Amino acid sequence: MANNLNESSSSSSISFSDFPEDVQLCILSFLGPTEIASFACTSKQFGSLCSNDGKLWFTLCDRRWGSKTLITKWGEGKIPYKVLYNTLHEWENLIGFWRRSGPGSAVISSPSLVFFEWGTSFISAFRVSPVQSQSEICDYQVKKVPFLKMGISEEGQIVNLLDPDGRADLNLDLNFGDGNQLNDLIPVNVCFMGKTHFVLEENVFGRNSSPVHVSGEDCGFGGEDGIGIGVGSGSPPDLLMLEIYQHLANRTSPGSDRSRRQRRKEKGRMARRRWEPQHFVKIVNCSPTELRPLQGLWKGICADMSLAFYLVAYDDIGGIACRRLGDPPERFSSYAPVFWTSNATFMESPFPLEEESLYGSRIHLQPVQPHNENHEQFPMSDIEGANHIQQFHLSENEVVNRILLINASYDLVIPDLAAAPINPRSAEGRIWQYRDGTFGFGFVRDNFVIDMKNIVCDGCIIDAVNLSVD
Amino acid sequence: MAEEVSSQMNSLSISETNPSSSATISLVSGDDIVFKVEPTIAKEMETVQSFIDETDGKITTIPLPNISSHDLPYVIEYCEKSIAGKITKEFEAEFVKKLNNEEVKELFLAANYLNIKKLLDFLSQVIADRIANKSVEYVRRYFGIENDFTPEEEAKLREELAWTFTGVDPDDEDEN
C-alpha cells in the first residue's frame, strides 16, 4: 500500500482519466459551455463523455438549477438535457420582477408588475399587486394572479401559455398536449430583446396546441399548428413560418376544398387575435446590497391606509429616490419620487435627543388587525399617552439602527397636495433603518412612519394570496 | 493486507495515544503519520465517521492509505473552519493560494475519498476556475490527458465547436 502511494506521488501528474467518472462529472459540472467544448476536444474519451446527455448535461443542469426546479420533470423527462440546459440558460434571467412598459401600457388596467418564479417543471409568472383593503382591514398581503407559464413539451418544443384573465390554475401540471385545458390560454412567444426587455406576442399558429401529427395528409397541411408551437421561442414573430406555411399550402393541395376552408379558418384566427403584444422591462436592482441597503422593491401601508409598492433606487452620484409603483398606471407614468435625498450617508447611533423624540413621537402606519394583538407594537389608543422614549425601544424589529435625512420630496401620498408649491419643511424627513435591515420613512410635517416590508423572501412572494380574477 | 494495516495501526495507537485523550480520533496518513483530531472533525469526513460508527466507536485509529501526510493537514484545516462556520470567501481564497495545481488535484481526490461534500464542491469550483477560458492544450496539460485524436479528427471537432473558442486566454506558464 505504501508502495502504491509512492508510485502515484512519484509520477509527475495525476491524470484526469484516473479519476472516477462521478468525480470527473463533479468537476465538469462547474464548467460553462465554453469550457465543456474545450474539454471535449482533449481526447476521444472526454469527447464522448461531453456528448453524454444523461451524464454530463444532466449534471450541468443539476448543478445550476437543481436546487430550484426538478430537472428530471421538464418535458416529462423525455427531452435531452442539453436542450434543457440551453433553454434554462436563456430563461434563468427571467426570474424576478418585470414591469410592463411601452406604448399603450398606460391604458391597460391589469397590474403592471409581473413576477417570475421557478416551478417544478416550468417557469411561471404572476401579476402581482397589493391587496386593496375591502373594509377596514388592510394587510401586507400581495395578490398573485396567474399570468404565464413556460415549459417544454415532451417533444422538446417550447410551450409558453398565457393566461390573459388569470382564470386558469397554471400551477396544475399541464399536459402541454391536452387541447381541452388550453381553451382559456393563449400560446405566446417570449421574444427576448437583450437581457432586460422582452415582448410577449401571441403565437398565432400555436393556438390549438395539438400534438404534431406526422401521418397522412395532416403532415403537409394540418400540421401547421404543431410546427408553430415551438419555433422561435426567442425569435421574432413567425413571419417566416407564415411564408413557409403558405408555400406549403399552395403546393400540396392546390384548390382543394379543405385547403380553402383551412385558409379561411386561418384568416379568421388572425382576425381573432386575442392578445396584443406587450413589452416588459426587467426591474434590475430589486433587492438591497451591502452598499445600497435600501435598494429594491418594498411594500408599505401609505397615508391613506392602503398597501402600496415602492421602488427605491440609488443614482450614480449618491442620491436615493423612492417612487411608488402605481396601479392605476397614471400614477406611475408621472413617476415623481415619494422622497428623494441627495446624500446617502447614515447617521449612526447614539442619536441626538431631538432625533429620538422625532422618531419616538410617531406612530407606525400598519394594518388594522383587531384580532391579532401580538402583531401590534403601537396600539392606536395609546398614541397620545405613550412615553416617547419607551416607544423608541418598544419593538425589537423597530429599534432604529441608523438614520438618514430626507431633504426633498414630491407629495404623491396625498395627490391633492402635489400641485401645491413645495415648502422646504414638507420636503424634510427621515429614513429610519431598523436592526433587521428593513426601514421606515416619514416626513417632519407628519406624525407617522411608513414601514417598508420585503415583498420577496428566498425567491417567493411572501404574504401571497393566490387570487383568480372574478 | 487489511490485517496488516490494522495490526500496524494498533501498534501505532498504543505508542501514540495517551489515555487521557482517548476521545480524540487518530487519522493515519498513507505514509504512516498520525494526526489526532477532535471527533467533531471526524464527523465532517463521512468515510471516517462511518468507519467509527461501524465499530461502535471502539476503534479510534483510522488508516487513510490514500491520503498523504502532506495533504491531510489541509483537509483537517478546512474541516475545522467548516465546523466553526468560518468558511468565508477570504479564507477560501487564502486556502487556494497555498496550493499548486497538483496539490489541488490531490486534495480533491482526498476530499472525494473522505466524502467531504463541501470541500469537494469547493475544490471542483477551484479546478473549474483554473481551466476557465484556457486552450485545449492547456486543459490537456493540466489534467495530464493524452491526445488520441488524429489531427484530422481534432480539426473537425474544433470546427464543429468553433464558436466556443473565442475569448480564450493565452496559456499561463505551466506551474509544474
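Cut-offs applied
The residue numbering used here restarts from 1 in each chain and proceeds along that chain's sequence as written. Lettering for chains starts from A, numbering for ligands starts from 1, and both go in the order in which the items are written. The model is predicted, so local features are restricted to residues of pLDDT at least 70 and side-chain atom pairs to those at 80 or more, both for listing and for counting; the totals for chains, interfaces and linings are taken over all residues. As a rule here, side-chain values cover all heavy atoms of the structure and leave hydrogens and water aside. UniProt positions are given in the numbering used here, feature names are shortened, and annotations may be inferred rather than shown by experiment. Think of it this way: any DSSP run of H or I at least four residues long counts as a helix, any run of E at least two long counts as a strand, and we number them from the N terminus. In what follows, a disulfide is any cysteine sulfur pair within 2.5 Å. The buried label applies to any residue whose accessible area, calculated with a 1.4 Å probe on protein chains only, is under 20% of its type's maximum; exposed applies above 50%, and partly exposed to all values in between. Strands are treated as partners if at least two bridges between them are detected by DSSP. Axis angles are defined between N-to-C directions and span 0 to 180 degrees, where every axis is a line fitted to C-alpha atoms and, for a helix, only to the segment in contact. Orientation categories follow fixed angle ranges, with anything under 35 degrees roughly parallel, anything over 145 roughly antiparallel, 65 to 115 roughly perpendicular, and all other angles oblique. With the far helix as reference, a near helix turned anticlockwise by less than a right angle produces a left-handed crossing, and one turned clockwise produces a right-handed crossing. Here, residues are in contact when the closest pair of their heavy atoms is within 4.5 Å. Side-chain classes are defined by residue name, with Ala, Val, Leu, Ile, Met, Phe, Trp, Tyr, Cys and Pro counting as nonpolar, Asp, Glu, Lys and Arg as charged, and the others, Gly among them, as polar. Summed over both partners, buried area is the accessible surface (1.4 Å probe) that two parts give up on being assembled. Salt bridge, as applied in this entry: a Lys or Arg side-chain nitrogen positioned within 4 Å of an Asp or Glu carboxyl oxygen. The definition of a polar contact used here is a pair of N or O atoms within 3.5 Å, where within protein one atom must be able to donate a hydrogen and the other to accept one, and adjacent residues in sequence count solely through side-chain atom pairs. Buried Ala, Val, Leu, Ile, Met, Phe, Trp, Tyr and Cys residues form a nonpolar core when they are joined through side-chain atoms within 4.5 Å.

Chain B carries the name SKP1-like protein in an unreviewed UniProt entry, which gives Pisum sativum as its organism. The heading Sequence similarities (unreviewed entry) in the UniProt record of chain B holds the text "Belongs to the SKP1 family." Under the UniProt heading Function (unreviewed entry), the entry covering chain B gives this text: "Involved in ubiquitination and subsequent proteasomal degradation of target proteins. Together with CUL1, RBX1 and a F-box protein, it forms a SCF E3 ubiquitin ligase complex. The functional specificity of this complex depends on the type of F-box protein. In the SCF complex, it serves as an adapter that links the F-box protein to CUL1."

As named in an unreviewed UniProt entry, chain A is F-box protein, taken from Pisum sativum. Taken directly from UniProt, the Pathway (unreviewed entry) text for chain A runs: "Protein modification; protein ubiquitination." Here chain A is described in UniProt, under the heading Function (unreviewed entry), as follows: "Acts as a component of a SCF E3 ubiquitin ligase complexes."

A separate point is the UniProt feature "domain: SKP1 component POZ" (unreviewed entry) in chain B. Per the UniProt annotation, the sites labelled "domain: SKP1 component POZ" (unreviewed entry) are residues 25-81 of chain B. Helix makes up 44% of residues 25-81 of chain B and strand makes up 23%, while its end C-alpha atoms are separated by 18 Å.

Counted according to the given criterion, the structure contains 0 disulfides over all chains. Of all cysteine sulfurs in the structure, the one in A:Cys457 sits closest to A:Cys460, which takes part in no disulfide; the separation is 8.3 Å. B:Cys79 carries a free sulfur, and the closest cysteine sulfur to it, the one in A:Cys26, is 16 Å from it. Given the relative accessible area of 0%, B:Cys79 is considered buried.

All names here are of chain A. Here strand S2 (residues 113-118) lies mainly inside the structure; 6 of its 6 residues are buried. Bridge count between S2 and strand S3 (residues 123-130): 5 bridges; the pairing is antiparallel. Each bridged residue has a counterpart across the sheet, and for Glu117 the counterpart in S3 is Ser124. Hairpin connection, S2 to S3: the antiparallel pair is bridged by 4 residues.

Residues and elements named next belong to chain A. Relative orientation of the contacting elements helix H2 (residues 21-28) and helix H5 (residues 53-65) amounts to 50 degrees, with a least axis distance of 9 Å. In terms of orientation, H2 and H5 fall into the oblique class. For the element pair H2 and H5, the recorded crossing hand is right-handed. Between H2 and H5, the contacting residues are Glu21, Leu25, Cys26 and Leu28 on the first element and Lys55, Leu56, Thr59, Leu60 and Arg63 on the second. Per-class residue counts for the contact of H2 with H5 are 5 nonpolar, 1 polar and 3 charged.

By a widely used convention, the size of an interface equals the accessible area lost when the partners come together. The interface is formed by 27 residues belonging to chain A together with 40 residues belonging to chain B. Of the roughly 2900 Å² buried where chain A meets chain B, counting both sides, 72% is carbon and sulfur surface. There are 2 salt bridges connecting chain A and chain B. The salt bridge partner of A:Lys44 is B:Glu153, with a shortest N-O separation of 3.7 Å. Our count for the chain A to chain B interface comes out at 8 residue pairs in polar contact (both at pLDDT 80 or more). Sorting elements by how many residues they give to the side of chain A that touches chain B places helix H3 (residues 33-40) of chain A first, with 6 residues. Taken together, the residues of the side of chain A that touches chain B sort by class into 16 nonpolar, 8 polar and 3 charged.

Turning next to the pattern of salt bridges. Residues and elements named next belong to chain A. Across all of its chains, the model carries 19 salt bridges over all chains by this definition. The salt bridge involving Glu21 is made with Lys55; its shortest N-O contact spans 2.9 Å. Separated by 34 residues along the polypeptide, Glu21 in helix H2 and Lys55 in helix H5 bring together distant segments of the chain. For Lys55, a relative accessible area of 35% gives the class partly exposed.

A:Phe116, A:Leu148, A:Leu200, B:Leu27, B:Met45, B:Val75 and B:Phe143 are the most contacted members of the largest nonpolar core, which has 98 residues in total. Ranked by the residues each element gives to this core, the list is headed by helix H7 (residues 117-131) of chain B, at 8 residues. Setting aside residues no more than four positions away along its own chain, B:Met45 makes contact with B:Leu27, B:Val75, B:Ile76, B:Cys79, B:Leu114 and B:Ile116. A:Ile301, A:Cys302, A:Ile363 and A:Phe439 belong to the second-largest nonpolar core, a separate cluster that totals 26 residues.

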